[in-house]
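# Descriptive analysis of the structure
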Amino acid sequence: MVADLEELYRARRHDFCRAAAAIAGDRGLGEDAVQEAFAKAVRKRRTFRGRGSLEAWVWRIVVNAARDARRRRVRQSSLPEAAEGASRSNGYAVGLPLELLTERQREVLFLHYYADLDYSTIAEALGITSNTVGATLSTARATLLRALAKEVRR
Amino acid sequence: MNDARIDDLLDELVVPFEPRPGGWADVLRRARRTRRRYALLGAALLALLLVPTGLALRGEITDLFQGTPAPPAVSTSFEANNSIADMATKKGFGARFPHADVSQAHGVLEVQTSDGPEDLWAAPSDQGGKCWWVDFANDPAGPDGQYGFGGCDRLESGSQIDPAVIWVEPHPTLATLWGRVYVPADSVVVELQDGSSSTLPVVEGGFLASFERGARLERVTAYDDGHEVASWQAPVG
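Residues numbered from 1 in each chain as written. Chains lettered and ligands numbered in written order. Predicted model: local features only at pLDDT ≥ 70, side-chain atom pairs only at ≥ 80, totals over all residues. Heavy atoms only, no water.

We now examine the overall build of chain B. Regarding its fold elements, chain B presents four helices and 13 strands. Burial statistics for chain B: of 237 residues in total, 41% are counted as buried. Summed over all atoms, the accessible surface of chain B reaches about 12600 Å², with 55% contributed by carbon and sulfur. (Helix = DSSP H or I, 4+ residues; strand = E, 2+ residues; numbered from the N terminus. Buried < 20%, exposed > 50% of the residue type's maximum accessible area, 1.4 Å probe, protein only. Areas by Shrake-Rupley, 256 points an atom, 1.4 Å probe, with all protein chains shown as cover.)

Have a look at this one:
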């Protein structure tokens, strides 16, 4: 099992790090989240019951770690979580109006784009259905397109 | 404006980068480091368990947590709830809402979940009974305290058992059962709609359990010294 985790890590570390960096809103935090998540996966490997894929299970741990890192970062910068969605100072670079998306929409978008995960793996990783992944992704992209189009018109 | 533009911006947001070297060795080091911490904690627990108290393992662990003074983040959460109570009074939602005596906030129960320990904290309420706070120990604390949920006893409600199944965003796969028993009781039997059941300890009138999200409560029966003392049935529909 540890060998499987190592193989997954070596094969997909770049994708894990990029997606985690996007979720955490910071490259260093994302990298650290991946390291911590794999360490947790090594420790908790006996709790993996094989009901889904090992990769999806690890992605779930990585997403949780990156999400926690982002929340810590937001809180440390004294920005209340509730203010998200109304502020552009949400830890993301201005350019792509990610603040218009919900946390789940952002995560689906990042996992799909940066890690090129299929819907079923994203679904397993986030604990939602594949249909929800598809709908969430469409909504997220439509929201961003609308917002970007408005900016262009301005 | 099209999807390609979004892809470009996503590429700009996090450009591909080379992670730091020494990756897998660092993972194993981190895994061992935490194991070592658990081993030390385990040794400490074992030493305590060797003291013949005549209590079951579950009780020992409960007792270790029960009475733990609330850490600053949890106290801040209680204080934040007191402020919300003041605000609600000002807005005219009621004459006065209960306030927790934050100086006496302490641990009541800790359960293990797949997301780490989940804790139930309590503090005396100035209107009788207690105020409560539930959180996950590993969640980061913010300026408004620990992420979680809670409330104060509603002694006037007349019900003898007050259970609630709550889901919090940071833990999307879990559902927390938090409840209070307003008559003397030492345990509750919790029955879910899927037919499963669990026996939980009641400590200071509170009980706590973690289920997979989607679990639906069917019935809670409280016992004291083996005798049924109260029950609660989920409303039909």
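A few words on the pattern of salt bridges. Residues and elements named next belong to chain A. A full pass over the atoms with the stated rule returns 16 salt bridges over all chains. Between Asp15 and Arg12 there is a salt bridge, and its shortest N-O distance comes to 2.8 Å. Residue Asp15 and its partner Arg12 are located together in helix α1 (residues 2–24), separated by three residues, close to a single helical turn. For Arg12, a relative accessible area of 17% translates into the label buried. (Salt bridge = Lys/Arg side-chain N within 4 Å of Asp/Glu carboxyl O.)

This part covers the sheet that holds strand β2 (residues 116–124) of chain B. Residue and element names in this part refer to chain B. With antiparallel pairing, the four strands of this open sheet are ordered in space as β1-β2-β3-β6. At either end of the open sheet lies a strand with only one pairing partner, and these are β1 (106–113) and β6 (148–152). Direction aside, neighbouring strands of the sheet carry axes that sit 15 degrees apart on average. Pairing geometry for β1 and β2, over seven bridges, is antiparallel. Note that in β2 the partner of Thr113 across the bridge is Gly116. With respect to the sheet, helix α4 (residues 72–90) is in contact with β2, β3 (130–136) and β6, its orientation differing from that of β3 by roughly 130 degrees. (Pairing = 2+ DSSP bridges. Axes fitted to C-alpha atoms, helices over the stretch in contact; angles between N-to-C directions. Contact = heavy atoms within 4.5 Å.)

Let's shift gears to the pairing of strand β9 (residues 187–192) of chain B. Residue and element names in this part refer to chain B. Of all six residues in β9, five are buried, a share of seventy percent or more. For β9 and strand β10 (residues 197–201), the ladder comprises five bridges, and the chain directions are antiparallel. Looking at β10, one finds that Val188 is bridged to Leu200. In sequence, β9 turns back onto β10 through a hairpin of four residues, with Gly195 there showing a positive phi of about 95 degrees. Two elements, β9 and strand β12 (residues 217–224), share six bridges in a ladder whose sense is antiparallel. Residue pairing across strands places Glu191 opposite Arg219, the latter belonging to β12.

Residue and element names in this part refer to chain B. In the structure shown here, the tally under the stated rule is one disulfide over all chains. Disulfide partner of Cys131: Cys152, at an S-S distance of 2.1 Å. Its S-S torsion of about 95 degrees marks the bond between Cys131 and Cys152 as right-handed, since a negative value means left-handed. With Cys131 in strand β3 and Cys152 in strand β6, the pair connects residues that are 21 residues apart, well separated along the chain. A relative accessible area of 2% means that Cys131 is categorised as buried. (Disulfide = S-S within 2.5 Å.)

A few words on the interface of chain B and chain A. Taken together, the 38 residues of chain B in the interface contact 45 residues of chain A. Taken together, both faces of the contact between chain B and chain A bury some 4000 Å²; the carbon and sulfur share is 61%. Applying the counting rule to chain B against chain A returns four salt bridges. Residue Asp11(B) pairs with Arg18(A) through a salt bridge whose shortest N-O separation is 2.9 Å. In this structure, the connection of chain B to chain A is made through 13 residue pairs in polar contact (both at pLDDT 80 or more). Among the elements of the structure, α1 (3–13), α2 (23–49) and β4 (141–142) of chain B are those that each provide at least two residues to the side of chain B that touches chain A. Among the elements that line the side of chain B that touches chain A, the one with the most residues is α2(B), at 11 residues. (Buried area = accessible area lost by both parts, 1.4 Å probe. Polar contact = N/O pair within 3.5 Å; in protein donor to acceptor, adjacent residues only side chain to side chain.)

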